[in-house]
Amino acid sequence: MKRLSLAGLSVNQKLAALAVVLGAVAVFGAPSGGSPMGDREFAINPRELAVMVAGEVDHVTAEELAGWILAGRSDYRLLDVRDAGAYAAYHVPTAESVPLAELPGYPLYRNEKVVLYSDGGIHSAQAWFLLKAQGFPGVYILLGGLDAWKDEVLFPALPAGAAAAEVAAFERRKQVAAFFGGTPRSGEEAVAPGAGGAMPTIEMPQVQMPAAAPVARPVKKKKEGC
Amino acid sequence: MTAPLFKYGLFGDEASLIVAFLIGIGFGFFLERAGFGSARKLTAQFYLTDLAVFKVMFTAIVTAGLGLFYLSWAGLLDLSLVYLAPTYLLPQVVGGLLLGFGFVVGGYCPGTSMVAIATGKVDGLLFALGIFAGVLAFGEAFPWIAGFYNSTARGPLTLPQATGIPYGLLLFAVVLIALGGFYGSELLERRHAAQAGEARP
């Protein structure tokens, strides 16, 4: 009986045979229940999450976020987890309104980078855990929430007696504030809120981007090709 | 360790640029080694005299397809986190035809024109200038074509989702189609070589 000899085959033929074998085996085994995008079973690793929380790697500062919006980045989605009324009153430009209760069913792809914010940090932190539990790896929280957005971006303050470097940085922040429709505070104004006095009533700017702000999710296309 | 490594935070934005650079160098290197720095070689594809482009690209597809399947099966890769370019049916059909037209006329596609430049080819440089001119024209004209650009959106779509054929079976079918295609292209090339031999005195 003639033995089938591998030595008689060219490299290409061997590779082709290997591909056929691997392809045939693939018919009988399928990851994630037959669909490449199907729901993977996802085990929550509390220790891993705890390390992440402690390491504060999941934070985006208000200034960073402002920079992303200014740069027109569309590689992330900004979700406002407050209720619809609060969203209507004011929201960070480009944010989508997703009240916390609607978050679990909200159409998000797991390969998206998601930035969450609420007024302070509690609701967004809770939303963070909800998404983490669903296996979203790229979830971030706006550090300090909308409060920090107001303090650092919309109404940045220059403390009295600031160093030269701080003043220079403040000039830049003033421009950013103007872009988002806020007004910088300086001098006595800036000291007042911190001095235990009543927080001055801040008029929130009308939400409008110089360029037409996308209401629906930002369109993003990645160019790929040979 | 689970892939995609970037999505699992193995490296950050800055490091990802270095990784992309290294992968790009590797991609360019293998394109060049496949002979794709030559417009003659690339356009021979369209006259069915040399099907190297088809063979190299389909080999890459089969290799990547099998690799992704088995890595995912082994639990080393979370396929749901791999970026999928969203489907826009009509714009992509029109765009594909335009790219093919430019490919036949100019002799390169965007990536191979870069390879041609790297090997010092002037036609590659002119082709790349054409790309930039086209990009500029597209950007300026975008407000008028944005409606079409975003039409017939289907979101990220995979063949198993679109056809309902189980993933493994579909992968096997792609492997068989590729191998059949390779066999057919070798026959075509042999026939052409024979004809070229006869034509010679």
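Quick caveat: nothing in here was measured; it's all calculated off a predicted structure. (Residues numbered from 1 in each chain as written. Chains lettered and ligands numbered in written order. Predicted model: local features only at pLDDT ≥ 70, side-chain atom pairs only at ≥ 80, totals over all residues. Heavy atoms only, no water.)

K.L.:
How do you make sense of the pairing of strand S5 (residues 139–142) of chain A when you look at a structure like this?
P.N.:
The side chains of a regular strand alternate between both faces of the sheet. Residue and element names in this part refer to chain A. The pairing of strand S1 (residues 59–60) with S5 spans 2 bridges and is parallel. The residue bridging Val60 from the neighbouring strand is Leu142, located in S5. Bridge analysis of strand S4 (residues 114–117) against S5 gives 3 bridges, and the strand direction is parallel. Counted as the bridge partner of Leu116 is Ile141 from S5. Crossover connection from S4 via helix H5 (residues 122–133) to parallel S5: handedness right-handed. (Pairing = 2+ DSSP bridges. Helix = DSSP H or I, 4+ residues; strand = E, 2+ residues; numbered from the N terminus. Right-handed = clockwise from strand over helix to strand, strands pointing away.)

K.L.:
Would you explain the confidence of the model for chain A in this entry?
P.N.:
Detailed reading of the predicted coordinates is not advisable wherever pLDDT falls low. All names here are of chain A. Summing up the model confidence of chain A, the mean pLDDT is 76 and the portion of residues at 70 or higher is 73%. In the model, residues 188–200 has pLDDT below 50 throughout and makes 8 contacts with residues more than four positions away in sequence or in other chains. Below pLDDT 50 for its whole length, residues 210–220 participates in 12 contacts with residues either more than four positions away or in separate chains. (pLDDT = per-residue confidence, 0-100. Contact = heavy atoms within 4.5 Å.)

K.L.:
Is there a simple way to explain the side chain of A:Ser118 in this structure?
P.N.:
Structurally, A:Ser118 can be placed in the loop between S4 and H5. Assessed through its relative accessible area of 2%, A:Ser118 is described here as buried. (Buried < 20%, exposed > 50% of the residue type's maximum accessible area, 1.4 Å probe, protein only.)

K.L.:
Can you help me understand helix H5 (residues 110–118) of chain B in this one?
P.N.:
Since the α-helix advances by 3.6 residues per turn, residues separated by three or four positions end up pointing in the same direction. Of all the residues in H5(B), the buried ones are B:Gly111, B:Thr112, B:Ser113, B:Val115 and B:Ala116. Backbone geometry just after H5(B) places B:Gly120 at a positive phi near 80°.

K.L.:
When you look at the nonpolar core in this model, what are you seeing that I'm missing?
P.N.:
All names here are of chain A. One finds Leu65, Leu78, Val92, Trp149 and Phe180 to be the most contacted residues of the largest nonpolar core, which totals 22 residues. Not counting the four nearest positions on each side in its chain, Val92 is found in contact with Leu65, Ile69, Leu78, Tyr117, Leu146 and Trp149. One finds Val98, Leu108, Val114 and Trp128 within the second-largest nonpolar core, a separate group that totals 14 residues. (Core = buried A, V, L, I, M, F, W, Y, C linked by side-chain atoms within 4.5 Å.)

K.L.:
What am I meant to see in a nonpolar patch on the surface here?
P.N.:
Residues and elements named next belong to chain B. A surface patch of nonpolar side chains, amounting to about 690 Å² of accessible area, comprises Met114, Ile117, Val122, Leu125, Leu126, Leu129 and Phe132. Listing elements by their share of the nonpolar patch, those giving two or more residues are H5 and helix H6 (122–149). With 5 residues, H6 is the largest single contributor of residues to the nonpolar patch. Tracing the sequence through the fold places Val122 in helix H6. Judged by its relative accessible area of 60%, Val122 falls in the exposed class. (Patch = residues over 30% accessible without salt bridge, like charges linked within 9 Å, V, L, I, M, F, W, Y side chains within 5 Å. Areas by Shrake-Rupley, 256 points an atom, 1.4 Å probe, with all protein chains shown as cover. Salt bridge = Lys/Arg side-chain N within 4 Å of Asp/Glu carboxyl O.)

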